[in-house]
Amino acid sequence: ILEVTELAGNKRTIKTSEFTLDTSKTELALSVAPKAFSLNVESKVKKVAINPVVNASSGIKSYEIAVSTNGIVVKKFSGNGKVPSSIQWDGLSDAGTRCADGEYVAKIKTIANSGTEASAESGKFLLDSTVPVIKVSVPYVAFSPEETSTKKNLPVVVEESSVEELWTAEIRDGKNAVVKTVRFVNSKAKNFAWDGTDDNGNKVGNGSYSLVVSSVDAAGNKGQATITGISVDARPVSAYVTAEHKG
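Residues numbered from 1 in each chain as written. Predicted model: local features only at pLDDT ≥ 70, side-chain atom pairs only at ≥ 80, totals over all residues. Heavy atoms only, no water.

Looking at the sheet that holds strand β17 (residues 192-194)
Pairing is antiparallel in the open sheet, where 3 strands are placed in the order β12-β14-β17. Edge positions in the sheet fall to β12 (134-137) and β17, since each of these pairs with one other strand and no more. Taken over all neighbouring pairs, the strand axes of this sheet differ in orientation by 30° on average, direction set aside. In this sheet, β17 lies alongside strand β14 (residues 154-161) in antiparallel orientation, the contact comprising 3 bridges. Bridging from a neighbouring strand, L154 pairs with W194 of β17. (Pairing = 2+ DSSP bridges. Helix = DSSP H or I, 4+ residues; strand = E, 2+ residues; numbered from the N terminus. Axes fitted to C-alpha atoms, helices over the stretch in contact; angles between N-to-C directions.)

Observations regarding the side chain of N221
Tracing the backbone shows N221 in the loop between β18 (207-216) and β19 (222-232). A residue is classified by how much of its surface remains accessible, and N221, at 2% relative accessible area, is buried. Of note is the side chain of N221, whose polar atom sits 2.8 Å from the side chain of N40. A polar contact is formed between the side chain of N221 and the backbone oxygen of T130, at a distance of 3.4 Å. Those residues in contact with N221 that lie beyond four places of it in its chain are S38, N40, S43, D128, S129, T130, V131, P132, S215 and V216. (Buried < 20%, exposed > 50% of the residue type's maximum accessible area, 1.4 Å probe, protein only. Polar contact = N/O pair within 3.5 Å; in protein donor to acceptor, adjacent residues only side chain to side chain. Contact = heavy atoms within 4.5 Å.)

Topic: the nonpolar core
In terms of nonpolar packing, the biggest core is built from 26 residues, with I50, V67, W89, Y104 and F125 touching the most fellow members. Listed by contribution, the elements that provide at least two residues to this core are β3 (27-33), β5 (48-55), β6 (60-69), β7 (72-80), β8 (87-89), β9 (102-112), β10 (117-121) and β11 (125-127). Listed in part, the 23 residues of the second largest apolar core include I134, V136, Y209 and V232. (Core = buried A, V, L, I, M, F, W, Y, C linked by side-chain atoms within 4.5 Å.)

Remarks on the packing of aromatic side chains
Under the defined criterion, the tally for this structure stands at 7 aromatic pairs. Judged by centre distance (5.5 Å) and plane angle (70°), the rings of F143 and W194 are edge-to-face. Residue F143 is found in strand β13 (residues 142-143), and its partner W194 is found in strand β17; the two are separated by 51 residues along the sequence. Among the residues examined, W194 registers a relative accessible area of 1% and is labelled buried. Centre to centre, the rings of W194 and Y209 are 5.4 Å apart; their planes meet at 65°, and the pair counts as edge-to-face. Of this pair, W194 sits in strand β17 while Y209 sits in strand β18, and the two are 15 residues apart along the sequence. A relative accessible area of 8% places Y209 in the buried class. (Phe/Tyr/Trp six-rings, centres within 6.5 Å; stacked < 30°, edge-to-face > 60°.)

Let's talk about the pattern of salt bridges
Using the criterion set out here, one finds 6 salt bridges in the structure. Among the salt bridges present, the one from D94 reaches K75, with a minimum N-O distance of 3.8 Å. On the criterion of sequence distance, the pair formed by D94 in the loop between β8 and β9 and K75 in strand β7 is long-range, its members being 19 residues apart. When the shortest N-O distance is used, the salt bridge between D233 and R235 registers 2.8 Å. (Salt bridge = Lys/Arg side-chain N within 4 Å of Asp/Glu carboxyl O.)

Now the structure itself:
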């Protein structure tokens, strides 16, 4: 209510409609999970969730979330009113095309009903559709761990490998149960030899085995190489000597 008194003594009252004075700031936070995803069909991590947290006492009038890489915006989400608690991004641009592998960030901008503007940015996350690379070979598939054998172990040669957080080499028996495991951490897979023992150091039984070398990266991409038909044969060799007597 505004009261005005003129020089002549006349009084006048002016009454406005109710309004809200809001000088508070909008509180914003933005996170993205998981930190890596892939566009490969085989990947189990094909989307990321963009999660805004917004606190504005007067409410939100409008919002815009932009996903960018190297300063170039590739995808926008926008709307009026309340900001969704989570938005899924599938790695496609506004034009519907697949985005390139690389690091991305998400940024949110809001305008409150009071007119206050605010913004926040997520940490970096990775779009990675590159499958781990692995190629292995063995010089032979049959061997015997016995001391008298000329092939006491099975040399595994890694011909090609990408650097990954974890490579796992598994020796599996005829029932596909893992009997031996070799791991390579934060590196390429490397050459190794299987001596015919299990993870407890015991000799495995005679029979057929297989080798599986695999890695699943943070984006869910899987690379794998398999060698089948490996044979462990530690049976003793029988020798017979015959003599022919003529007399």
